[in-house]
Amino acid sequence: MEAIVKKRIKQVIKGDQDAFGEIVEIYKNSVYQLCYRMLGNSHEAEDMAQEAFIRAYVNIKSFNQDLKFSTWLFRIATNLCIDRMRKKKPDHYLDAEVGGAEGLTMYSKIPSKAKLPESELESLELQETVQKEILKLPDKYRSAIVLKYMEELSLNEISEILDLPLGTVKTRIHRGREALRQQLRYV
Amino acid sequence: MCPEQIIELMHKYLDEEINPTDELLLREHLQDCKECETLFNELKKTVAFVKSISHMQAPSDFTAKVLSGLPKEKKKVRMGRWLKNHPMLSAASLFFILMVGSLLSTWNQDREFSVSKQKNLIVKNNTVIVPKGEIVKGDVIVRNGKLKIEGEIQGDATVINGERYLASAGHVTGQIEEVNEVFDWIWYYMKKISQESIDIFDHPETE
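Note that the structure is a prediction, hence the values are computed from the model and not measured.

**Comments concerning the overall build of chain B**
Part 1 of the argument: If you tally the helices and strands in chain B, you get seven helices and 11 strands.
Part 2 of the argument: Every one of the 207 residues in chain B was classed for burial, and the buried ones make up 32%.
Part 3 of the argument: A fraction of 24% describes how many contacts in chain B between residues 6 or more apart in sequence connect residues 24 or more apart.
Part 4 of the argument: As displayed, chain B has an accessible area near 14000 Å², and 56% of this comes from carbon and sulfur atoms.

**Remarks on the sheet that holds strand S9 (residues 164-166) of chain B**
Residues and elements named next belong to chain B.
Part 1 of the argument: Read from one edge to the other, the open sheet built from four strands follows the order S2-S3-S6-S9, with strand pairing classed as mixed. The outermost strands of the open sheet, each flanked by one partner alone, are strand S2 (122-124) and S9. Averaged over all pairs of adjacent strands, the angle between strand axes in this sheet comes to 15°, irrespective of strand direction.
Part 2 of the argument: The pairing of S2 with strand S3 (residues 127-130) spans three bridges and is classified as antiparallel. By the bridge assignment, Val123 is partnered in S3 with Val128.

**Section: a nonpolar patch on the surface**
Part 1 of the argument: A cluster of nonpolar side chains, contributed by Trp82(B), Leu83(B) and Leu89(B), occupies part of the molecular surface with about 280 Å² of accessible area.
Part 2 of the argument: Locating Leu89(B) in the fold gives a position in helix H6 (residues 87-109).

**A look at the interface of chain B and chain A**
Part 1 of the argument: Listed by partner, the interface residues are 36 residues for chain B and 43 residues for chain A.
Part 2 of the argument: Both faces considered, chain B and chain A share a buried interface measuring about 3800 Å² in area, 62% of it formed by carbon and sulfur atoms.
Part 3 of the argument: The largest share of the area that chain B buries against chain A comes from Ile53(B), Met56(B) and Phe62(B), three residues that together contribute 19% of it.
Part 4 of the argument: The tally of links between chain B and chain A comes to five salt bridges.

**With respect to the nonpolar core**
One recurring pattern in soluble globular proteins is that nonpolar side chains are buried together.
Part 1 of the argument: Counting 77 residues, the largest nonpolar core has Phe20(A), Val31(A), Phe53(A), Phe69(A) and Met10(B) as its most contacted members.
Part 2 of the argument: Of all the elements, helix H2 (residues 17-39) of chain A adds the most residues to this core, at 12 residues.
Part 3 of the argument: Counting residues in hydrophobic clusters, the runner-up holds 12 residues, among them Val128(B), Val136(B), Val142(B) and Ala157(B).

**Description of the pattern of salt bridges**
Part 1 of the argument: One pass over the full model with this rule turns up 18 salt bridges over all chains.
Part 2 of the argument: Two residues, Arg8(A) and Glu22(A), come together in a salt bridge whose shortest N-O distance is 2.7 Å. Taken together, the positions of Arg8(A) in helix H1 (residues 2-13) and Glu22(A) in helix H2 put the pair 14 residues apart, joining distant regions of the chain.
Part 3 of the argument: One salt-bridge network, held together by shared partners, links Glu178(A), Arg181(A), Arg185(A) and Glu42(B).

**Remarks on the confidence of the model for chain A**
Part 1 of the argument: With 84% of its residues at a pLDDT of 70 or more, chain A shows a mean pLDDT of 84.
Part 2 of the argument: Throughout residues 108-113 of chain A the model reports pLDDT below 50, and contacts reaching past four residues in sequence, or to other chains, amount to two contacts.

**As for the sheet that holds strand S4 (residues 135-137) of chain B**
Residue and element names in this part refer to chain B.
Part 1 of the argument: Read across the sheet, three strands follow the order S4-S7-S10 without closing on themselves; strand pairing throughout is parallel. With partners counted over all chains shown, the strands left at the sheet margins are S4 and strand S10 (171-172), one partner each.
Part 2 of the argument: Direction of pairing for S4 relative to strand S7 (residues 152-154): parallel, over a ladder of three bridges. Following the sheet pairing, Lys137 is matched in S7 by Gln154.

**Here we look at the pairing of strand S8 (residues 157-160) of chain B**
In the case of a regular strand, side chains alternate between the two sheet surfaces.
Residues and elements named next belong to chain B.
Part 1 of the argument: Across the two faces of S8 the burial is the same, with Ala157 and Val159 and Thr158 and Ile160 all buried.
Part 2 of the argument: Two elements, strand S5 (residues 140-143) and S8, share four bridges in a ladder whose sense is parallel. By the bridge assignment for S8, Val142 is matched with Val159.
Part 3 of the argument: By the bridge criterion, four bridges tie S8 to strand S11 (residues 176-179) in an arrangement that is parallel. Across the sheet, residue Ile160 finds its bridge partner in S11, namely Val179.

Rules and cut-offs
- Residues numbered from 1 in each chain as written.
- Chains lettered and ligands numbered in written order.
- Predicted model: local features only at pLDDT ≥ 70, side-chain atom pairs only at ≥ 80, totals over all residues.
- Heavy atoms only, no water.
- Helix = DSSP H or I, 4+ residues; strand = E, 2+ residues; numbered from the N terminus.
- Buried < 20%, exposed > 50% of the residue type's maximum accessible area, 1.4 Å probe, protein only.
- Contact = heavy atoms within 4.5 Å.
- Areas by Shrake-Rupley, 256 points an atom, 1.4 Å probe, with all protein chains shown as cover.
- Pairing = 2+ DSSP bridges.
- Axes fitted to C-alpha atoms, helices over the stretch in contact; angles between N-to-C directions.
- Patch = residues over 30% accessible without salt bridge, like charges linked within 9 Å, V, L, I, M, F, W, Y side chains within 5 Å.
- Salt bridge = Lys/Arg side-chain N within 4 Å of Asp/Glu carboxyl O.
- Buried area = accessible area lost by both parts, 1.4 Å probe.
- Core = buried A, V, L, I, M, F, W, Y, C linked by side-chain atoms within 4.5 Å.
- pLDDT = per-residue confidence, 0-100.

This is how it looks when you write it as structure tokens:
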């Protein structure tokens, strides 16, 4: 996998955009998910994820090819999302997706006649709750938790992505985990 | 209240960084302490919840949107990729370019006056005359000059990039051809090549 990506990166440096399309295909879901979990809104998540790929393309020459591409890409995406979160004003769109439930918008909160099967409804409610609690975390804990549990990255990779010492990453994950536990313990 | 150290061990366990001795210590404590056991289970449940929502897919047009947002690609690269994807077409077009190129360069080189060698042709200031009453045997080719036919040519008469006068008494047994434009000339050239190759196939038995 990394070997294919390395080859494609060499083609991208020569200016081949189709090769970049293949890289986007490989990482689009994880980058999109990272942005969505950080921002909690699919419009913004899509914008930020696209912006992350475009920045990666524009700056591809500054990427050190001895390192892992995904680490570099996630770092761009994480920084974009953190910047975005800091600038963000609270806003609510009616068609904004409800936290955690992909495809479920505020429209679906308006009672409809068709009933969902109970188990499906429960799992959607759970997802919604978990996403809501993640969004309540302070951004420094949130980024660590999302990278660890959504992207399933190692602590070392997270420390590289966030540009923080390993010890700090561990502390943030521990505190994030503890904060989530307190919110989710009775679910 | 249990020591802070135990909570630390729980996090180490969840980070998958606990060593066997510590793990044993943790497990022994959990068996004795209901409070810590509950806490540990809650932490594990939390992790499971968070992991359970972690499968998301980007919108289907995501890649296309990213690509359309990129700065314009260099033309050279696009050409190169096209050539790579269509090897037969590239080979054919390369052949075609070389052919046309060589033909054109031959055309450009042939700016000088020349005439095929026959004994009784008279050459005057880029004009070739077939004198009255004379019979010229074989094909006559004149490049970049005029051909005046007053006598008889037993063969074809070809004028490339020039003019031709056929006097009323003049006579040509073969074909008369005038070539003035590049494309005429290419056509003539190709006919000549194919004629020559047919000749090769026709003659082997007589040679």
